[in-house]
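Residue strings, one per chain:
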Amino acid sequence: MSEVESKRVVLPKNAKPSHYDLEFSPDLFPAEGSVPTFEGSATIHVKLLEATNTIVLNAKELNVTSGSICSSDDFCVRAEISLDTKTQTVTLTVPDSLNPGDYKIDASFSGVLNDKMMGFYRSEYKDPLDSSKKKFMAVTQFEPTDARMAFPCFDEPNIKATFSVTMNAPESYTCLSNMPIIKEEAAEGKKKVVFDKTPIMSTYLLAFVVAELDFIKGETKDGVEFRVYTEKGRSELGQFALDCGMKVLPFFANFFAIAYPLPKMDMIAIPDFAAGAMENWGLVTYRETALLLDPNQSSAQAKARVAEVGMREVHSPCARGSNGTVALGCGT
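Just so we're clear, the structure is a prediction, and the values are computed from it rather than from any experiment. (Residues numbered from 1 in each chain as written. Predicted model: local features only at pLDDT ≥ 70, side-chain atom pairs only at ≥ 80, totals over all residues. Heavy atoms only, no water.)

1. Overview of the sheet that holds strand 6 (residues 80–84)
Taking strand neighbours across the sheet as the criterion, the three strands line up as 3-7-6 in an open arrangement whose pairing is antiparallel. Edge positions in the sheet fall to strand 3 (52–58) and strand 6, since each of these pairs with one other strand and no more. The mean angle between the axes of side-by-side strands here comes to 25 degrees, regardless of whether they run parallel or antiparallel. Both strand 6 and strand 7 (residues 89–98) contribute to a ladder of five bridges, which runs antiparallel. Counterpart to Ser82 in the pairing with strand 7 is Thr91. (Pairing = 2+ DSSP bridges. Helix = DSSP H or I, 4+ residues; strand = E, 2+ residues; numbered from the N terminus. Axes fitted to C-alpha atoms, helices over the stretch in contact; angles between N-to-C directions.)

2. Overview of the pairing of strand 16 (residues 213–219)
Bridge count for strand 16 against strand 17 (residues 225–231) is seven bridges, and the pairing is antiparallel. The partner of Lys217 across the bridge, within strand 17, is Arg227. Between strand 16 and strand 17, which follow one another and run antiparallel, lie five residues, and Gly223 among them has a positive phi close to 85 degrees.

3. Re the environment of Met118
Tracing the chain through its elements places Met118 in the loop between strand 8 (101–112) and strand 9 (119–127). With a relative accessible area of 23%, Met118 lands in the partly exposed category. Setting aside anything within four residues of it in sequence, one finds Met118 in contact with Lys60, Gln141, Asp146 and Met149. (Buried < 20%, exposed > 50% of the residue type's maximum accessible area, 1.4 Å probe, protein only. Contact = heavy atoms within 4.5 Å.)

4. Here we look at helix 2 (residues 239–256)
If you check helix 2, its first and last C-alpha atoms are 26 Å apart, about what 18 residues at 1.5 Å a residue would give, namely 26 Å. Listed as buried for helix 2 are Ala241, Leu242, Cys244, Gly245, Val248, Leu249, Pro250, Phe252 and Ala253. Directly beyond the C-terminal end of helix 2, a positive phi value near 60 degrees is found at Ala257. (Expected span 1.5 Å × (residues − 1).)

5. Focus on the packing of aromatic side chains
Inspection of the entire model under this criterion finds 18 aromatic pairs. Where Phe24 meets Phe109, the ring centres are 6.2 Å apart and the plane angle is 65 degrees; that geometry is what we call edge-to-face. Highlighted residues: Phe24 in strand 1 (residues 15–27) and Phe109 in strand 8, separated in sequence by 85 residues. Aromatic side chains Phe24 and Phe120 sit 5.9 Å apart centroid to centroid with 75 degrees between the ring planes, which places their arrangement in the edge-to-face category. With a gap of 96 residues between them, Phe24 in strand 1 and Phe120 in strand 9 connect regions that are remote in the sequence. Since its relative accessible area comes to 0%, Phe24 is described here as buried. By relative accessible area, Phe120 is classed as buried at 1%. What links up through ring pairs into an aromatic cluster is the set Tyr20, Phe24, Phe38, Phe109, Phe120, Phe142, Phe151, Phe163 and Phe208. Stacked on the ring of Phe136, the Lys or Arg Arg122 has its end atom at 3.8 Å from the ring centre. (Phe/Tyr/Trp six-rings, centres within 6.5 Å; stacked < 30°, edge-to-face > 60°. Lys NZ or Arg CZ within 6 Å of the ring centre and 35° of its normal.)

Structural data, given as structure tokens:
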């Protein structure tokens with residue numbers, strides 16, 4: 001075993017997740033002198049593979065305020081919570097050993113909308129319509145192992161599950177995630193947005209965004225809704241990427257002989273973004289220079305970059321994962 005392998009922290013193999021129900025409430029506008037934060041809750045459906053009284057999940061820079069483990073007949077036991085910042089884990093311990101079988105983990109937590117461009121973070125930018133004003137959006141970047149900064153989870157790429165996301169946000173803001181919205185309720189200037197359940201996938205592919213956005217849209221020849229999201233007042237800069245994307249998505253479906261399995265594909269330009277792009281399934285995030293351009297003023301090199309970087313992310317990772325060339329990403 002190499003030195004790197006010996007230092008690698010791997011979760012115990014006694015529990016396997018199948019589904020996450022997640023709800024988030026980001027606070028983009030804290031009181032003066034306070035940091036932006038978010039609160040959340042998670043219900044994780046797991047199968048215990050052996051008798052145990054502890055379940056270990058990944059958690060980083062989170063305050064896990066409560067947790068319980070519930071049996072399939074909804075008998076719940078409050079768990080003792082132990083956070084380990086060095087190993088980036090949280091351990092839930094109950095008094096008595098649990099038999100193998102199906103359980104639910106319920107957890108409440110909070111965290112900081114950080115400025116590190118990782119996990120669940122806040123991006124700051126100048127209003128394109130009024131440069132004297134600051135604007136903010138909440139966005140995610142989970143690859144390689146930073147979903148644990150947004151919610152307690154089994155944050156290893158080979159431990160896959162399905163995800164259902166609910167977002168609480170200001171009423172005027174757009175909420176996006178991997179899947180389409182199935183329900184939206186407004187109340188007192190806020191709204192609760194519920195997204196459809198994802199296919200099975202790794203934690204690093206989950207994504208969500210809360211922001212003031214414009215978009216342009218089209219539909220591929222296969223009937224997939226395709227949208228490009230930008231800051232307010234800049235949507236026309238996404239037309240080149242939209243045109244490319246609507247051609248490339250059906251091309252890859254035909255090339256790999258795998259139909260694109262989601263009902264929509266969204267691409268969004270993020271003002272503060274560490275990578276060039278991130279292939280979140282159904283919601284691909286980009287650095288602005290990798291997605292937006294003015295076709296009348298941009299060079300051939302700039303167009304080539306948007307076409308190459310932007311369209312590479314459209315087919316990743318599921319086309320590759322599904323045909324067996326890699327073991328990560330989407331599917332079993």
